[in-house]
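Notes for the structure review
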There are 2 protein chains.
Amino acid sequence: MNSPNVPPTPRPVVGPVVGVVGAGQLARMTQQAAIALGVELRVLANSRDESAARVIVDTRIGDYRDLSDLRDFAKGCDAVTFDHEHVPTAHIQALLDDGVAVHPGAEALVHAQDKAVMRERLTEIGAPCPAWRRVSELADVEAFGEEYGWPVVLKAVRGGYDGRGVWVCASADEAREVVDSGVPLLAEAFVPFERELAVLVARSPHGQGVSYPVVETVQKDGICVEVIAPAPDLAPEDAAAAQRIALRIAQQLGVTGLLAVEMFATKSGLVVNELAMRPHNSGHWTIEGARTSQFEQHLRAVLDLPLGSPSLTAPVVVMVNLLGGPDPDVFSRYEHVMANDPGVKIHFYGKDVRPGRKIGHVTALGTDLDEVRARAWHAADCLRGPNDV
Amino acid sequence: MNSPNVPPTPRPVVGPVVGVVGAGQLARMTQQAAIALGVELRVLANSRDESAARVIVDTRIGDYRDLSDLRDFAKGCDAVTFDHEHVPTAHIQALLDDGVAVHPGAEALVHAQDKAVMRERLTEIGAPCPAWRRVSELADVEAFGEEYGWPVVLKAVRGGYDGRGVWVCASADEAREVVDSGVPLLAEAFVPFERELAVLVARSPHGQGVSYPVVETVQKDGICVEVIAPAPDLAPEDAAAAQRIALRIAQQLGVTGLLAVEMFATKSGLVVNELAMRPHNSGHWTIEGARTSQFEQHLRAVLDLPLGSPSLTAPVVVMVNLLGGPDPDVFSRYEHVMANDPGVKIHFYGKDVRPGRKIGHVTALGTDLDEVRARAWHAADCLRGPNDV
């Protein structure tokens, strides 16, 4: 018989196990948060050389398109989540049916995989969208262009990211090649935006929701290059409106975990552009710039723990992506960057350096927007290295 | 022939390799910084269950007292450093003679291993010390007590930490048992201190030095329980004096990496108590509370990179250690703590929970000292759990 005053034999601590399908930089940065919380991270990787596989002991090699690999992977996980959005929803549903806690679930994630389903649902719930229509023939595109004007934006219904799968067509002629490729498409009216904003929110299975401050994102060639938090000169009522839209989408779509809502700011208001349901490039600034990083927030959400404070830790936070240059020896350039600016934060993802590839990011924090932007850009430019070697 | 305009074939990125001897929580938290910098961390562990071994892929099992294990471990490391101070200096010297970059080196580290050598050297360089003397017989202790008064503090020359190896003896009778144990000892005059302070500095092989703000540490039963940054109500000139002492010790002792200097604040000024040459409990607050965490700073120093900014990220930062209680299920108490305070930061080391053992820490940040302390203590008390289960 146990006396209540005799402590039980201590058992080894094993924190909750969170499985992340995919082993890119998002899973890698999630490991930093997992280490603090004592959460045991497991990743499903293609190879042990991947960004996250280099820093996560419990790396399993497998194919996210294979249900039996996913089932093996999920065994013993307290929650399963994603580094990317490519896992077939049928497989996710099968895991859910097995009793695995998958976040986000299939019914939510489909909206981040299928842009037509996303547009249908957003239209249904009254979230602001550009005019849009599924198109299958050139005549559909022409009719759409007649109705809403040119250029027409064609988007692959599935599989695009970082500007891939998006074509801005000035005429039917330009649309022909895209339509002829046979990729399922939707057409969207071109949005003449003033700038791009993003809102990152988290929602837990309990239904608790939290929004980070609205940020401005700067894209180049379809790739995010810079994020400014908070979005400069954004009226508080406009910021609140953007946050309300994002929280409402998370709630209506049943998102669990993080949801990033990319928006266009136009003269006549906000328009939702894209959704992502995972830690997002527009939230990397939160590692140092928010009291709770997006990676910790995602872990809290998928484990159904109370969400953390999204408040800023500095008046201005700027993140600039580090894209690979021709000289891959980024590390040799640390010395200059660190000596020049002892406060800038370098993040390098342990990926092969290829020109144009996202290989890291830098974050600067401070009070003066121009100064903080200059610091972040200087660091990123230096780390990228010379354009010819 | 290579044209200068043709980029070289990208080669796989492998960041610099830093080997850490020992796999406790210090190495574990260093991994968070290493992930950001793209530094490849390797640890020498006793077992794969240790705190750092759970989160570092390149974990080698071996004995830090065995030179051939250390030599195998050091192969391919750009720098070797320590999670603890127990590696024999003869082995460190052998590695240095092999050409390994070991930081700190043997000539510095001996001062953190041998309290008599430390006192001799500090006295030599004029750093403030209590009266002290090597003692080997009870008569030595009695003579010391006659000269400097009772109580006399006896310290094991080697091996003590967290209050172990320190005996405060009110009389010769109390000293008898300690002396009879045969442990090499030194006697120190008891310092009637007002409070304890600590200064954490970093020094690189280049000779660059950086000091964090002076903190107040609160000990209970010889174990650090709380750290307040910056030390409340410390006059700027006193803070500067403490930082000067620590930077001078680092420079004079040739420390490379971090040096923590624990001090007593007395009515008549500062007295150096202990030295540690590694990331230190008194610096855990820097993870969120300083622009550069002590773990990143240590990596920068041992890789001879420019040191990072030690500036505070909030006016008040309080860290409270989480000591194990009788109920090991710390994780089940996250919900309450997180719901109660969305801004408090939990760190849990993935160690077996045993009563009184350091198993994690919490950090709170803010502007009001009393409020921030109350938040940190509330979180730590809740995580520790009930005293009887």
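Residues numbered from 1 in each chain as written. Chains lettered and ligands numbered in written order. Predicted model: local features only at pLDDT ≥ 70, side-chain atom pairs only at ≥ 80, totals over all residues. Heavy atoms only, no water.

1. Observations concerning the overall build of chain A
This is how the line gets drawn: Numbered from the N terminus, helices here are DSSP runs of H or I no shorter than four residues, and strands are runs of E no shorter than two. Here the globule rule reads 2.2 Å times residues to the power 0.38, and the radius of gyration is calculated from C-alpha atoms. Residue exposure (1.4 Å probe, protein chains only): buried if accessible area is under 20% of the type maximum, exposed if over 50%, otherwise partly exposed. The contact criterion used is simple: two residues touch if any of their non-hydrogen atoms lie within 4.5 Å. Every accessible area reported is derived by Shrake-Rupley at a probe size of 1.4 Å, with residue values counting cover from the shown protein chains alone.
Tallying secondary structure elements over chain A gives 12 helices and 17 strands in all. The C-alpha radius of gyration computed for chain A amounts to 22 Å, which stays within 12% of the reference 21 Å derived for 389 residues, consistent with globular compactness. Referenced to the eigenvectors of the C-alpha coordinate spread, the extents of chain A come out at roughly 80 × 55 × 45 Å. When burial is assessed residue by residue, chain A has 60% of its 389 residues classed as buried. Long-range pairs, those at least 24 residues apart, make up 62% of the contacts in chain A between residues at least 6 apart in sequence. Element-wise, carbon and sulfur atoms account for 50% of the exposed surface of chain A, whose accessible area totals about 15,200 Å².

2. With respect to the UniProt feature "binding site: ATP" (unreviewed entry) in chain A
Residues and elements named next belong to chain A. How we decide: UniProt positions are given in the numbering used here, feature names are shortened, and annotations may be inferred rather than shown by experiment.
In the UniProt entry, the feature "binding site: ATP" (unreviewed entry) is given for Lys115, Lys155, Glu188, Ala189, Phe190, Val191, Glu196, Asn273 and Glu274. Its location among the elements puts Lys155 in strand S6 (residues 152-156). Looking at Lys155, the relative accessible area reads 3%, which means it is buried. Residue placement: Glu196 occurs in strand S9 (residues 195-203).

3. Section: the domain arrangement of chain A
Residue and element names in this part refer to chain A. Cut-off, in case you're wondering: A domain assignment, automatic or from a database, supplies the domain bounds used here. Two parts placed together each lose some accessible area; with a 1.4 Å probe, that loss summed over both constitutes the buried area. One side-chain nitrogen of Lys or Arg within 4 Å of one carboxyl oxygen of Asp or Glu is enough to make a salt bridge. Whenever two N or O atoms come within 3.5 Å, that pair is a polar contact, provided that in protein one can donate a hydrogen and the other can accept it, and provided that, for residues adjacent in sequence, both atoms are side-chain atoms. By the convention adopted, Pro, Cys, Tyr, Trp, Phe, Met, Ile, Leu, Val and Ala count as nonpolar, Lys, Arg, Asp and Glu as charged, and the other residues, Gly among them, as polar.
Looking at chain A, the domain boundaries give domain 1 (17-102), domain 2 (131-189) and domain 3 (195-384). Summarising the inter-unit geometry, the C-alpha centres of domain 1 and domain 3 are found 23 Å apart. Taken residue by residue, the interface counts 22 residues in domain 1 and 22 residues in domain 3. Here domain 1 meets domain 3 over a buried area of about 1,700 Å², counting both sides, of which 65% is carbon and sulfur. Along the contact surface separating domain 1 from domain 3 lie one salt bridge. Our enumeration of links across domain 1 and domain 3 arrives at seven residue pairs in polar contact (both at pLDDT 80 or more). When residues in the side of domain 1 that touches domain 3 are grouped by element, the largest group, eight residues, is from helix H1 (residues 25-37). Residues of the side of domain 1 that touches domain 3, tallied by class, amount to 11 nonpolar, five polar and six charged.

4. Things to note about the sheet that holds S6(A)
Residue and element names in this part refer to chain A. Worth spelling out the cut-off: Here, a strand pair is defined by DSSP locating no fewer than two bridges between the strands. A fitted line through C-alpha atoms represents every axis, and for helices the fit uses only the stretch in contact; the resulting angles, taken between N-to-C directions, go from 0 to 180 degrees.
The antiparallel open sheet is built from four strands, whose spatial order is S5-S8-S6-S7. In this open sheet, the two strands that pair with only one neighbour each are strand S5 (132-135) and strand S7 (166-169). Strand-to-strand twist across the sheet, computed as the mean angle between neighbouring axes with direction ignored, equals 25°. Bridge count between S5 and strand S8 (residues 185-189): four bridges; the pairing is antiparallel. In the strand pairing of S8, Val135 is matched with Leu185. Strands in contact with helix H5 (residues 115-124) are S5, S6 and S8; relative to S5, the strand with the most contacts, it is inclined by about 145°. Seen against the sheet, helix H7 (residues 172-180) touches S6, S7 and S8 and runs at an angle of roughly 155° to S7.

5. Concerning helix H5 (residues 115-124) of chain B
All names here are of chain B. Worth spelling out the cut-off: The arc refers to the directions leading from the helix axis to the C-beta atoms.
For H5, the complete set of buried residues consists of Lys115, Ala116, Met118, Arg119 and Leu122. Projected onto a plane normal to the axis of H5, the buried residues spread over an arc of 160° and lie on a single side. Buried residues belonging to H5 abut helix H4 (106-113), strand S5 (132-135), strand S6 (152-156), strand S8 (185-189), helix H8 (236-253) and strand S14 (269-276). Capping of H5 at its N-terminal end is provided by Asp114; its side-chain oxygen lies 2.9 Å from the backbone amide nitrogen of Ala116. Following H5 by one or two positions, Gly126 has its phi on the positive side, about 80°.

6. Section: the pairing of S9(A)
All names here are of chain A. With nine of nine residues buried, S9 is to be regarded as a mostly interior element. In this structure, S9 lies alongside strand S11 (residues 215-220), joined through three bridges in antiparallel fashion. In the strand pairing of S11, Ala198 is matched with Val215. Across three bridges, S9 lies against strand S10 (residues 209-211) in antiparallel orientation. Along S10, the bridge assignment pairs Arg203 with Gly209. If you look at the hairpin formed by S9 and S10, you'll find five residues sitting between the two strands, and Gly207 has a positive phi there, around 100°.

7. Quick notes on the packing of aromatic side chains
Residue and element names in this part refer to chain A. In plain terms, the rule: Put simply, two rings from Phe, Tyr or Trp (the six-membered ring, in Trp's case) pair if the centres are within 6.5 Å, and we call them stacked under 30 degrees between planes, edge-to-face over 60, tilted for the rest. The rule is short: NZ of Lys or CZ of Arg within 6 Å of the ring centre and within 35 degrees of the ring normal puts a charge over the ring.
Counted by the stated rule, this structure contains 10 aromatic pairs over all chains. On the numbers, 4.7 Å between centres and 10° between planes, the contact of Phe193 with Phe264 is stacked. Separated by 71 residues along the polypeptide, Phe193 in the loop between S8 and S9 and Phe264 in strand S13 (residues 257-266) bring together distant segments of the chain. You can call Phe264 buried: its relative accessible area is 11%. Considering the side-chain rings of Tyr334 and Phe348, the 6.4 Å spacing of their centres and the 70° angle between planes classify their relative orientation as edge-to-face. Here Tyr334 is found in helix H11 (residues 334-340), whereas its partner Phe348 is found in strand S16 (residues 345-348), with 14 residues between them in sequence. Grouping residues by exposure puts Tyr334 and Phe348 together as buried. Among the aromatic residues, those joined into a ring-pair cluster are Phe331, Tyr334 and Phe348. The ring centre of Tyr64 lies 5.5 Å from the NZ or CZ of Arg65, which sits over that ring.

8. Here we look at the relation of the copies chain B and chain A
The operation relating the pair of chain copies consists of a rotation about an axis and a translation along that axis. The cut-off we apply is this: To line up the copies, we fit them by least squares on C-alpha atoms, keeping just the residues with pLDDT of at least 70 in both.
Mapping chain B onto chain A leaves a residual RMSD of 0.0 Å; the transformation is a rotation of 180° accompanied by 0.0 Å of translation along its axis. Look at the turn and shift together and you get a two-fold axis relating the two. Of the residues that chain B buries at the interface, 98% are likewise interface residues in chain A, meaning the two copies contact each other through the same surface.

9. As for the packing of helix H6 (residues 138-148) of chain A against H7(A)
Residues and elements named next belong to chain A. Basically, it comes down to this: Left-handed describes a crossing in which the near helix is turned anticlockwise from the far one by less than a right angle; the clockwise case is right-handed.
Interhelical geometry of H6 versus H7 gives an angle of 145° and a closest axis separation of 9 Å. Considering how the two elements wind past one another, H6 and H7 form a crossing that is right-handed. The segment H6 lies against H7, with Leu138, Val141 and Glu142 engaging Ala172, Ala175, Arg176 and Val179. Residues of the contact of H6 with H7, tallied by class, amount to five nonpolar, no polar and two charged.

10. Comments concerning the sheet that holds S8(B)
Residue and element names in this part refer to chain B. The four strands are arranged S5-S8-S6-S7 in an open sheet whose pairing can be described as antiparallel. Each of the sheet's edge strands pairs with one partner strand only, and the pair in question is S5 and strand S7 (166-169). When strand polarity is set aside, the average angle formed by the axes of neighbouring strands in this sheet is 25°. Where S6 lies against S7, four bridges are found, and the strand directions are antiparallel. Bridge pairing in S7 links Lys155 to Val166. Running at roughly 145° to S5, H5 makes contact with S5, S6 and S8 of the sheet. Each of S6, S7 and S8 is contacted by helix H7 (residues 172-180), which is oriented at about 155° to S7, the strand it contacts most.

11. Let's talk about the environment of Ala143(B)
Residues and elements named next belong to chain B. Mapped onto the elements of the fold, Ala143 is located in helix H6 (residues 138-148). When its relative accessible area of 37% is taken as the criterion, Ala143 is described as partly exposed. Distance from Ala143 to Arg158, taken between C-alpha atoms, is 23 Å for residues 15 residues apart in sequence.

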